[in-house]
Each structure stands twice: as C-alpha cells, then as structure tokens.
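# Topology and contacts: notes
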Amino acid sequence: MKRYSDPYVVGMGIGLVLLAAYGIAGRGLGASGGFATVVATGMAAVEGSETVAASPATAAYLTNGLASPLHDWLVLELLGVVTGGFVSAWLARRTMVSIERGAGVSRWQRLIVAVAGGVLMGLGAKLARGCTSGQALTGGALLATGSWTFIATCFASGYVLSPLARRLWR
Amino acid sequence: MMPLSEVGALGPRGSLVAALAIGFAFGWCLERGGLGSAPKLAGQFYLADLTVFKVMFSALVTAMLGAFWLDAFGLLDLSLVYVPETFVAPQAIGGAVFGAGFLIAGLCPGTSCVAAAAGRIDGLAVIAGMLGGVLLFNIGYSHFEGLYTATPLGANTLADLAGVPRGVMIGIVTAMALGAFVLTGRPFMMRRQATHRNIGRRHRAFAGIAAALALAAAALDLRTVDAESLAADIEHERDHISAPDLAQLIMDGDRALRVFDLRSPADFERLHIPGATRATIEELGDTLARERLPRDATVVLYSEGGAHAAQAWVLLRMRGHRRVFFLREGLFEWLARVMEPRLATDATPRERAEFARAIEMSRFFGGSAREGVSRSEIPIGYWNNPVDPDASGSRRDAVTGAAANQLVARIRRRGC
C-alpha cells in the first residue's frame with residue numbers, strides 16, 4: 001500500500017478539477033445530485049413521471065428526453081468518480097473488500113450506523129440543495145452565501161456531536 | 001471563451017464525455033488523498049486527522065482564485081457559471097443534519113463512492129442509506145416544503161452580504177484559509193500524530209502564490225472604475241445606438257439583445273419598444289445579474305429623453321457589461337425615425353435613403369410612414385439638425401417633450 005498524497009497537493013488538484021468543471025460545463029462538481037437523479041428516475045418508473053415532475057423536490061432531477069439516467073451529467077460525473085477512485089486505489093494497491101470501522105464496534109453495528117448516516121446525509125443534502133461537493137466546494141469557491149452557511153453548520157454540528165459518537169471511531 | 005457549454009462549443013456527447021472525465025479526475029484525487037477511508041475522515045471531528053479540512057479549503061481557494069483570474073483575463077465569463085442559490089434556513093438546518101450524518105457515517109456522498117469503488121462495504125452501506133434519505137425527502141416533501149423554500153436570497157454571495165467588492169472577499173477568505181493552515185501545522189492543534197504535520201518549503205511556496213493572487217485580486221477590485229475608457233467611449237460616440245439600428249437588431253431577431261425601458265410603469269403601458277422590459281435604474285443591475293446575462297450581450301437602454309438612459313449606461317459599464325448602448329433621444333427618436341418616419345418635399349438624398357429604409361421598419365413595427373410633408377412638420381433631432389449636423393464630439397440635448405407627447409398621443413389614438 002502506497003502512502004496517501006500530500007493533502008494540500010490533492011486539494012489543489014481538486015481545485016483545478018473544479019475550475020475545469022466551471023470552464024467546461026458552467027457548473028461545478030456534484031455528488032448528491034447524482035443520487036437525487038437516480039432516485040427521481042426510479043420514482044418516475046414506479047409512480048409515473050407526471051407525479052414526479054409535479055413535485056419541486058424531484059422535478060429538477062428528472063432526465064426528460066434522455067434514453068436513460070446514464071445520459072445525465074450528474075450521474076455520468078458520479079460514474080467517473082467511482083471509476084477514478086477505483087483506478088487510483090488499484091494502482092496504489094489499496095483495493096480490498098473490507099469494512100472500515102472503529103475498534104469499538106462490530107461489523108454489523110458499523111454497517112447499520114453507516115446506513116443511518118447515509119439517510120441523514122440524504123435528507124440534509126436534499127434540504128440544503130447540495131452536499132460537500134455541490135454546496136461546500138462548488139458554491140464555496142463562488143462565495144455563495146448559502147454554501148458558506150452549509151459549511152458552517154455542517155462542521156459545527158459534526159464537532160458538537162462528536163463526543164456522542166466517540167465510541168464509533170475509537 | 002469559457003464556459004464551453006454556455007457558448008455552444010460542447011455538443012451533447014462532448015458534454016457527457018467531459019462529465020465522465022471530470023468525475024474521473026475528482027474520484028482519483030479523493031482517493032489519492034485517502035478520502036475513501038471512513039476512519040480517516042471521521043478523524044476530522046476528533047482533531048486526529050485534518051486531511052478533510054486541508055483538502056477542502058485548498059481546493060476551494062485554488063478554484064476561487066483561478067475563477068477570479070480567468071474571469072479577469074476574459075477567458076471565463078463567471079456571470080455564466082451557475083451560482084448555487086441561497087436559502088438560508090434550509091441550508092443551515094440541512095447542513096446540521098448532514099454534518100451529523102457525516103460524523104457517524106465517516107463518509108460524505110462523493111467519498112462514499114470512492115470508498116465503495118475501493119471495495120469498502122461500509123461505503124456501499126452509506127450509498128444505500130443516502131438513496132433512502134433522498135427517497136424519504138421526496139416522499140415526505142409536503143412536510144419539508146415550508147422549510148425547503150424559506151428565506152430565499154437568490155444568487156447571493158458573501159461579497160454582496162458584506163457589501164465589499166468580490167476581490168476583497170476573496171482576499172479575506174484566502175487569508176483565513178492560509179491562517180488556518182498555519183494553525184493546523186502547530187502541535188497544540190493535533191491531539192494525535194498526523195501524517196503531514198509540517199509545513200515544508202513547498203507549502204510555503206504554495207501559500208505565497210495564493211497570498212499574492214488574493215492580494216492582487218483585492219487590489220484589482222478596489223481600483224475605481226476605469227474612467228478613462230468610459231470617457232473615450234463617450235467621446236467617440238460608442239455609447240449610443242441609433243433607433244434604426246436598434247430596429248434592425250430587433251427585426252433580425254438578435255437573441256443576445258435585451259432592451260430596457262427606464263420610464264414609469266404608466267408610460268410603459270402606454271407605449272414601449274417591442275420586446276423591451278421595464279426596469280428602474282435601481283433594479284437594473286440586479287435584474288441583469290439574476291438573468292445571468294452574458295457580459296458581452298447587447299443591452300439597449302432608453303428613457304423619455306436621454307439623460308436617465310445615459311446614467312444607467314455608466315452604471316452598467318461599471319458593473320462590467322461591455323456592450324451597453326442607449327437611444328440618445330429616447331423614445332422620441334424611436335417614434336420619429338422608426339414608427340413615424342416622414343419625408344419632406346425638399347428632402348436631401350441622404351434623407352431619402354434613410355426614409356427608404358424606414359418605410360420597411362415602420363411597417364414591421366406597425367407604424368406609418370408619410371411622404372411629401374412640409375419641412376416644418378419634420379421632428380428635429382440630433383440626426384437631422386441642420387444647425388449642428390451630427391458633428392462628432394459636440395453633443396447636443398434635444399428638446400423632446402412637446403414633440404414626443406404629440407407623437408405618442410397620435411399613435412395611441414390609432415390604438416397601436
């Protein structure tokens with residue numbers, strides 16, 4: 001296993017990728033938006049697209065006129081993230097089927113808490129109209145007021161609650 | 001000129017290839033930094049490992065400075081880049097809920113994909129949870145709607161909020177980030193051993209470059225408006241457009257054209273140039289910002305006479321719009337030259353040529369052209385003033401009031 005790269009160099013790399021996204025697509029990076037698209041498409045398949053298009057929660061994430069959600073910008077970008085992450089991990093010999101957890105929790109506890117954390121993040125990202133990628137990075141670099149609000153409350157909440165979750169990561 | 005997608009340089013296929021490539025690079029970087037590992041990310045909240053903080057803020061500062069300078073050199077039109085809209089309450093509460101999830105999951109949406117790609121089952125579990133969370137929100141949207149749409153501020157930025165130029169806010173954010181980076185290198189900040197604790201020579205160089213770019217950004221935006229270039233444009237009459245030229249643009253269906261009427265709502269209702277939007281001088285800048293109008297779109301302003309439009313011209317130029325013009329004698333010029341062109345019995349060849357062009361225009365806009373009128377019936381403006389025949393550099397304000405009102409009254413009678 002190779003050592004991880006210098007975080008500042010990695011950060012500048014991501015900054016340049018973000019800049020390329022502004023320059024090429026006129027928008028930044030996103031992750032939760034890809035999930036939102038997948039969910040909206042799934043809901044449209046079950047409930048019919050009229051219902052889904054009528055709700056402001058999902059309307060923006062419908063991939064109207066596309067053959068499949070695979071043709072959506074956000075979804076393709078997320079596929080790219082998965083591929084890039086895999087190739088990098090593989091070249092650094094870091095690919096391994098495992099469950100990463102703190103010493104104080106069992107495998108099942110870790111998975112249940114991971115799902116619960118995912119649910120909270122899904123809700124929070126929908127409410128905030130973006131996640132660490134789409135709000136914090138993309139909007140933060142454009143100085144968007146809402147993005148900085150998100151950054152502030154996200155980290156504040158994480159730090160305030162961290163003593164309660166200490167057992168998970170010890 | 002970027003963004004490529006907004007200037008039509010990127011087909012649908014190119015756009016999707018770009019999405020894949022950008023995602024690939026993003027995923028690669030995240031993995032290289034170790035951000036696919038939940039315990040490492042969670043270490044952020046226990047001051048055991050500040051990788052997340054370092055990566056996030058160096059990315060943010062890099063993109064922020066890069067975007068500013070590409071825009072300053074005219075390579076990227078930032079007004080065309082989508083700025084996430086602000087809704088204070090849902091973003092504050094959503095952020096807090098998200099932070100709690102981030103703490104217990106140890107991964108965020110992007111990094112969970114990287115973790116899953118590297119074989120981490122917990123990454124997959126986070127993804128599954130997230131899909132569930134999004135679904136919950138969508139299904140229960142009626143309960144969230146009030147909060148979701150509360151406290152909207154539009155495309156608001158910290159610079160707007162603080163009332164300082166953008167470059168100054170960039171300087172402040174950069175200074176805060178660099179200050180925090182220095183602090184994280186100090187042992188008292190770290191309760192446990194960190195992988196990269198020391199600020200080395202390379203880091204000093206990065207920080208120096210960032211500080212210089214940020215300082216220059218602040219200085220650039222604090223500089224007053226380039227008054228000389230404005231003065232030159234006015235002197236050489238590059239500040240206005242003639243009514244027939246505007247009519248031609250409208251007839252050609254120029255899509256990059258916006259016409260603004262700066263008169264009162266009542267006057268606007270009575271008569272306005274087709275396709276014009278009414279705006280007060282106060283709202284004009286915000287209207288353009290909200291519409292994300294490209295800075296090189298053609299903006300034409302007119303008012304009753306010319307004064308208000310000329311003042312608005314200066315204000316828009318100060319906001320960075322490059323192609324702004326006004327009708328020198330306002331609506332009066334539009335009526336006299338486009339809607340109601342007249343040809344005197346003793347017309348000069350130049351007047352005949354202009355009239356020939358005007359007949360077609362007046363028909364297009366539903367006006368009426370008249371031939372063979374006496375010289376005294378021709379409205380006088382800067383364009384046909386026999387005393388001062390459009391000599392460059394010597395501008396003259398037209399006496400418009402009575403003549404314009406007469407024309408408006410007649411056109412109104414005709415129900416136009």
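Above this text you will find the structure in question.
Heads up: these notes are all about the structure in this document. (Residues numbered from 1 in each chain as written. Chains lettered and ligands numbered in written order. Predicted model: local features only at pLDDT ≥ 70, side-chain atom pairs only at ≥ 80, totals over all residues. Heavy atoms only, no water.)

### So, the overall build of chain A
When helices and strands are counted, chain A shows eight helices and zero strands. The secondary structure elements of chain A, listed N-terminal to C-terminal, are α-α-α-α-α-α-α-α. Considering only residue pairs separated by 6 or more positions, chain A has 53% of its internal contacts joining residues 24 or more positions apart. Carbon together with sulfur atoms contributes 67% to the accessible area of chain A, which is approximately 6900 Å² in total. With 13 positive and 6 negative side-chain charges, chain A shows a separation of 17 Å between the mean positions of the two kinds. (Helix = DSSP H or I, 4+ residues; strand = E, 2+ residues; numbered from the N terminus. Contact = heavy atoms within 4.5 Å. Areas by Shrake-Rupley, 256 points an atom, 1.4 Å probe, with all protein chains shown as cover. Lys, Arg positive; Asp, Glu negative; His and termini not counted. Charge placed at Lys NZ, Arg CZ, Asp CG, Glu CD.)

### With respect to the overall build of chain B
Tallying secondary structure elements over chain B gives 18 helices and nine strands in all. For chain B, buried positions account for 50% of its 416 residues. Once local pairs closer than 6 in sequence are excluded, the contacts in chain B between residues at least 24 apart make up 71%. (Buried < 20%, exposed > 50% of the residue type's maximum accessible area, 1.4 Å probe, protein only.)

### Quick word on the nonpolar core
Ranked by internal contacts, the top residues of the largest apolar core, which has 95 residues, are Ile 14 and Tyr 22 of chain A together with Phe 98 of chain B. In this structure, Leu 246, Ile 250, Leu 327 and Leu 335 of chain B belong to the second largest nonpolar core, which totals 22 residues. (Core = buried A, V, L, I, M, F, W, Y, C linked by side-chain atoms within 4.5 Å.)

### Notes on the pairing of strand E7 (residues 323-327) of chain B
Residues and elements named next belong to chain B. Burial analysis of E7 places four of its five residues in the buried class, which makes it a mostly covered element. Both strand E3 (residues 240-241) and E7 contribute to a ladder of two bridges, which runs parallel. Residue pairing for E7: His 240 is matched across the bridge by Phe 326. Taken together, the four bridges between strand E6 (residues 298-302) and E7 define a ladder with parallel strand orientation. Bridged to Val 300 within E7 is Phe 325. Chirality of the crossover, the property in question, places the unit of E6, helix H15 (residues 307-318) and E7 among those that are right-handed. (Pairing = 2+ DSSP bridges. Right-handed = clockwise from strand over helix to strand, strands pointing away.)

### Some words on the packing of aromatic side chains
Per the counting criterion, the structure on display carries 20 aromatic pairs over all chains. Geometrically, the ring pair formed by Trp 148 of chain A and Phe 57 of chain B is tilted, given 6.3 Å between the ring centres and 50° between the ring planes. Of this pair, Trp 148 of chain A sits in helix H7 (residues 145-161) while Phe 57 of chain B sits in helix H3 (residues 51-72), which puts the two residues in different chains. Judged on exposure class, the residue Trp 148 of chain A and its partner Phe 57 of chain B are both buried. Centroid distance Phe 332 of chain B to Trp 383 of chain B: 6.1 Å. Interplanar angle 40°. Geometry classified as tilted. (Phe/Tyr/Trp six-rings, centres within 6.5 Å; stacked < 30°, edge-to-face > 60°.)

### A word on the sheet that holds E3 of chain B
Residue and element names in this part refer to chain B. Strand order in the open sheet formed by five strands is E3-E7-E6-E4-E5, and the pairing between neighbours is parallel. Strand pairing shows two members of the sheet lacking a second neighbour, E3 and strand E5 (277-278), which therefore form its edges. Note that strand E4 (residues 257-261) and E5 share two bridges and pair parallel. By the bridge assignment, Asp 261 is partnered in E5 with Arg 278. Contacts from H15 reach E6 and E7 within the one sheet, and its direction differs from that of E7 by about 175°. (Axes fitted to C-alpha atoms, helices over the stretch in contact; angles between N-to-C directions.)

### As for the environment of Glu 340 of chain B
Structurally, Glu 340 of chain B is set in the loop between helix H16 (330-339) and strand E8 (342-344). For the pair Glu 340 of chain B and Glu 354 of chain B, spaced 14 residues apart in sequence, the C-alpha separation works out to 13 Å.

### Some remarks on the side chain of Ser 37 of chain B
Tracing the backbone shows Ser 37 of chain B in the loop between helix H1 (12-32) and helix H2 (38-42). Beyond its immediate sequence surroundings of up to four residues, Ser 37 of chain B is in contact with Tyr 4 and Glu 100 of chain A together with Leu 107 of chain B.

### Description of the side chain of Ser 98 of chain A
With respect to the helices and strands, Ser 98 of chain A occurs in the loop between helix H4 (73-91) and helix H5 (107-128). Non-local contacts of Ser 98 of chain A, meaning those with residues more than four positions away in its chain, are made with Gly 119, Arg 120, Ile 121 and Asp 122 of chain B.

### Overview of the pattern of salt bridges
Inspection of every chain in the model, using the stated rule, returns 17 salt bridges over all chains. Asp 122 of chain B serves as the salt-bridge partner of Arg 110 of chain A, at 2.8 Å between the closest nitrogen and oxygen. Linking Arg 110 of chain A in helix H5 with Asp 122 of chain B in helix H6 (residues 121-139), this pair reaches from one chain into another. As far as burial versus exposure is concerned, Arg 110 of chain A and Asp 122 of chain B are alike and both buried. As a salt-bridge pair, Asp 267 of chain B and Arg 270 of chain B come within 3.8 Å of each other at their nearest N and O atoms. Here the residue Asp 267 of chain B and the residue Arg 270 of chain B both occupy positions in helix H13 (residues 265-270), the gap between them amounting to three residues, near one helical turn. What makes Asp 267 of chain B partly exposed here is its relative accessible area of 21%. (Salt bridge = Lys/Arg side-chain N within 4 Å of Asp/Glu carboxyl O.)

### Some details on the interface of chain B and chain A
Contact residues are listed per partner, giving 124 residues for chain B and 115 residues for chain A. Summed over both sides, the interface of chain B with chain A buries roughly 10600 Å², with 74% coming from carbon and sulfur. Here chain B and chain A share four salt bridges between them. For the pair chain B and chain A, the number of links is 39 residue pairs in polar contact (both at pLDDT 80 or more). Residue contributions to the side of chain B that touches chain A peak at 17 residues, all from helix H4 (residues 88-105) of chain B. For the side of chain B that touches chain A, a count of residues per class yields 81 nonpolar, 32 polar and 11 charged. (Buried area = accessible area lost by both parts, 1.4 Å probe. Polar contact = N/O pair within 3.5 Å; in protein donor to acceptor, adjacent residues only side chain to side chain. Nonpolar A, V, L, I, M, F, W, Y, C, P; charged D, E, K, R; others polar.)

### Notes on unusual backbone geometry
Of note in the backbone geometry, Leu 143 of chain A takes a positive phi value of approximately 65° without being a glycine. As for its placement among the helices and strands, Leu 143 of chain A is situated in the loop between helix H6 (132-141) and H7.

### So, the pairing of E6 of chain B
Successive residues of a regular strand alternate their side chains across the two faces of the sheet. All names here are of chain B. Across the five residues of E6, five count as buried, placing the element largely inside the fold. Residues Thr 298, Val 300 and Tyr 302 line one face of E6 and the alternating positions Val 299 and Leu 301 line the opposite face, and both faces are buried. Examined bridge by bridge, E4 and E6 share five bridges and lie parallel to one another. Across the sheet, Arg 258 pairs through a bridge with Val 299, a residue of E6.

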